[in-house]
Amino acid sequence: MADEALPLTDEERAELEALRAEKAQRELRERAARERAELEELRASHASAERSPVQSVSRPQPRQSAEDQRIREARERGSKLMEPDDDLRMPLGQKIVLAVLGALAAIIVIMHFLVG
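Nothing here was measured: the structure is a model prediction, and the numbers come from that model.

A. The overall build of the protein chain, seen in detail. Scanning the protein chain from N- to C-terminus turns up five helices and zero strands. Along its sequence from the N terminus, the protein chain presents helices and strands in the succession α-α-α-α-α. The proportion of buried residues among the 116 residues of the protein chain is 3%. Carbon and sulfur atoms form 59% of the exposed surface of the protein chain, whose accessible area is close to 11200 Å².

Printed below as a string of structure tokens:
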């Protein structure tokens, strides 16, 4: 524990700086390699799309995960509950919210007159 509280010596500080520099160089090389791979992949996909535009349109969609499916279904239920339909009738969710707010306002007014 005593070693943790002491500041670094000049030798340790130089070693730390050297290790940081090595790490930065390694990260730069890795980033450049990832960018190069991405560039090659994009070039290949662009070239294949130019060669056969019909195939890129008819390519099957990747399967959605169960989580994506669940989220999509929840959004559909929420929009069905809270968004107006084609006739612009007020949805059930909005009616419930307005009824609760009206009841809350009535309770506040009644309590104001009973207490005051």
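B. How the structure looks around a nonpolar patch on the surface. A grouping of Leu-81, Met-82, Met-90, Leu-92, Ile-96, Val-97, Leu-98, Val-100, Leu-101, Leu-104 and Ile-108 is seen on the molecular surface, where their side chains present a nonpolar patch of about 1000 Å² in accessible area. Taken together, the elements giving at least two residues each to the nonpolar patch come down to α4 (66-82) and α5 (92-115). By residue number, the principal contributor to the nonpolar patch is α5, which donates eight residues. Of note, Ile-96 is situated in helix α5.

C. Structural view of a negative patch on the surface. A grouping of Asp-10, Glu-11, Glu-12 and Glu-15 is seen on the molecular surface, where their side chains present a negatively charged patch. When you line up the elements, Glu-11 lands in helix α2 (residues 10-51).

D. Examining the confidence of the model for the protein chain more closely. Residues with a pLDDT of 70 or more make up 85% of the protein chain, whose mean pLDDT is 84. Element-level mean pLDDT values for the protein chain span from 52 in helix α3 (residues 53-57) up to 93 in α5.

E. Up close: the pattern of salt bridges. One pass over the full model with this rule turns up five salt bridges. Between Glu-17 and Arg-20 there is a salt bridge whose closest N-O contact spans 3.3 Å. On the criterion of helical spacing, the pair formed by Glu-17 and Arg-20 is a turn pair, its members being three residues apart in helix α2. Take Glu-17: its relative accessible area is 42%, and that puts it in the partly exposed class. As a salt-bridge pair, Arg-31 and Glu-35 come within 3.2 Å of each other at their nearest N and O atoms. Here Arg-31 and its partner Glu-35 are both found in helix α2, four residues apart, which amounts to about one turn of the helix. Since its relative accessible area comes to 49%, Arg-31 is described here as partly exposed.

Here is what the cut-offs are and how they apply
Residues numbered from 1 in each chain as written. Predicted model: local features only at pLDDT ≥ 70, side-chain atom pairs only at ≥ 80, totals over all residues. Heavy atoms only, no water. Helix = DSSP H or I, 4+ residues; strand = E, 2+ residues; numbered from the N terminus. Buried < 20%, exposed > 50% of the residue type's maximum accessible area, 1.4 Å probe, protein only. Areas by Shrake-Rupley, 256 points an atom, 1.4 Å probe, with all protein chains shown as cover. Patch = residues over 30% accessible without salt bridge, like charges linked within 9 Å, V, L, I, M, F, W, Y side chains within 5 Å. Salt bridge = Lys/Arg side-chain N within 4 Å of Asp/Glu carboxyl O. Lys, Arg positive; Asp, Glu negative; His and termini not counted. Charge placed at Lys NZ, Arg CZ, Asp CG, Glu CD. pLDDT = per-residue confidence, 0-100.

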